[in-house]
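Spelled out, the chains give:
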Amino acid sequence: MALWNQLRALFSVLPHWRRIRRSGGTGIRHRDLHDIAARIQPKRILLLRLDGLGDFILSLRAFSHFRRCFPEASLEILVGPGNLELARLTCLFDAVHSYPFFEQEQAGKRLADGQLRDAVAELKLGAFDIVVDM
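Each chain has its residues counted from 1, following the order in which its sequence is written. Local features are withheld for residues below a pLDDT of 70 in this predicted model, meaning they are given only at 70 or higher, and side-chain atom pairs are given and counted only at 80 or more; totals for whole chains, interfaces and linings count all residues. To obtain the side-chain values, all non-hydrogen atoms of the structure were included, while hydrogens and water were left out.

Peer 1: Quick question: what am I supposed to make of the sheet that holds strand 4 (residues 130-133) here?
Peer 2: Within a sheet, each strand pairs with its neighbour through backbone hydrogen bonds, oriented either parallel or antiparallel. The four strands are arranged 3-2-1-4 in an open sheet whose pairing can be described as parallel. Each of the sheet's edge strands pairs with one partner strand only, and the pair in question is strand 3 (95-98) and strand 4. Between one strand and the next, the sheet's axes are offset by a mean angle of 20°, whatever the strand orientation. Relative to strand 4, strand 1 (residues 44-49) runs parallel, the two sharing four bridges. Across the sheet, Leu-46 pairs through a bridge with Val-131, a residue of strand 4. Contact between two residues is taken to exist if any of their heavy atoms lie within 4.5 Å; hydrogens are not considered. Lines fitted to C-alpha atoms define the axes, with helix axes restricted to the stretch in contact, and inter-axis angles between N-to-C directions lie between 0 and 180 degrees. In this description a helix means any DSSP run of H or I spanning at least four residues, a strand means any run of E spanning at least two, and both kinds are numbered starting from the N terminus. In the packing of helix 4 (residues 60-69) onto the sheet, the strands contacted are strand 1, strand 2 (74-79) and strand 4, and the crossing angle to strand 2 comes to about 160°. In this analysis, strands are considered paired if DSSP registers two or more bridges between them.

Peer 1: Please explain unusual backbone geometry as it appears in this structure.
Peer 2: Leaving glycine out, the prevailing phi sign among residues is negative, and the prevailing peptide bond configuration is trans. In this model, Cys-91 sits at a positive phi of 60°, which is unusual for a non-glycine residue. According to the relative accessible area criterion, Cys-91 is exposed, its value standing at 68%. The phi torsion at Lys-124 lies on the positive side, around 55°, for a residue other than glycine. Relative to the helices and strands, Lys-124 resides in the loop between helix 7 (113-122) and strand 4. Accessibility here uses a 1.4 Å probe with only protein chains present; expressed as a share of the type maximum, an area under 20% marks a residue as buried, one over 50% as exposed, and anything in between as partly exposed.

Peer 1: Could you clarify how one ought to interpret the packing of aromatic side chains in this entry?
Peer 2: Centre-to-centre distance and the angle between the planes together describe a pair of aromatic rings. We call Phe, Tyr and Trp rings a pair once their centres come within 6.5 Å, taking the six-membered ring for Trp, and we label the pair stacked below 30 degrees between planes, edge-to-face above 60, and tilted otherwise. Counting across every chain of the model gives three aromatic pairs. Look at Phe-56 and Phe-63: their rings are 5.3 Å apart centre to centre, the planes differ by 50°, and that puts the pair in the tilted class. In this pair, the class of Phe-56 matches that of Phe-63, namely buried. With a centroid separation of 6.3 Å and 25° between ring planes, the pair formed by Phe-66 and Phe-70 is classed as stacked. Accessibility expressed as a relative area gives 10% for Phe-66, which makes it buried.

Peer 1: I tried to follow the nonpolar core on my own but got confused; where do I start?
Peer 2: General note: in soluble globular proteins, nonpolar side chains tend to be found buried as a group. Formed by 20 residues in total, the largest nonpolar core has its most connected members in Leu-47, Phe-56, Phe-63, Ile-77 and Phe-93. Top contributing element to this core by residue count: helix 4, with four residues. Those residues in contact with Phe-56 that sit more than four places away from it in its chain are Arg-49, Phe-63, Ile-77, Val-79, Asn-83, Leu-86, Ala-87 and Thr-90. One finds Leu-46, Phe-101, Val-120 and Phe-128 within the second-largest nonpolar core, a separate group that totals 11 residues. Grouping buried Ala, Val, Leu, Ile, Met, Phe, Trp, Tyr and Cys residues that are joined through side-chain atoms within 4.5 Å yields what is termed a nonpolar core.

The structure is reproduced here in structure tokens:
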């Protein structure tokens, strides 16, 4: 719980982030997500955030946005083992799953996209309507 209180204090002092548009970027923007939400009603959404703590914290606003845009959907996340407890503490997700992606890479096994797909398939999470690699 102490970690959660520290994070709450950190976010209270952070300035509002502005979106920085990168030239040539193809990412989904805020209004695009609202358009998608208006057109489809997914039942299950999986978010992938397999990197470290800092990247997870910077994604909290996006996670919250997904929750607001798709309130009826089952929102699930796949994180590295180091972020498992933090993901649960946010209460944004209906299910939190873990996969040691970077531990595999540090052991000298560079996973290709197909290998990552196969590794996630071995977790037997089932089918998703939307999968987003954050």
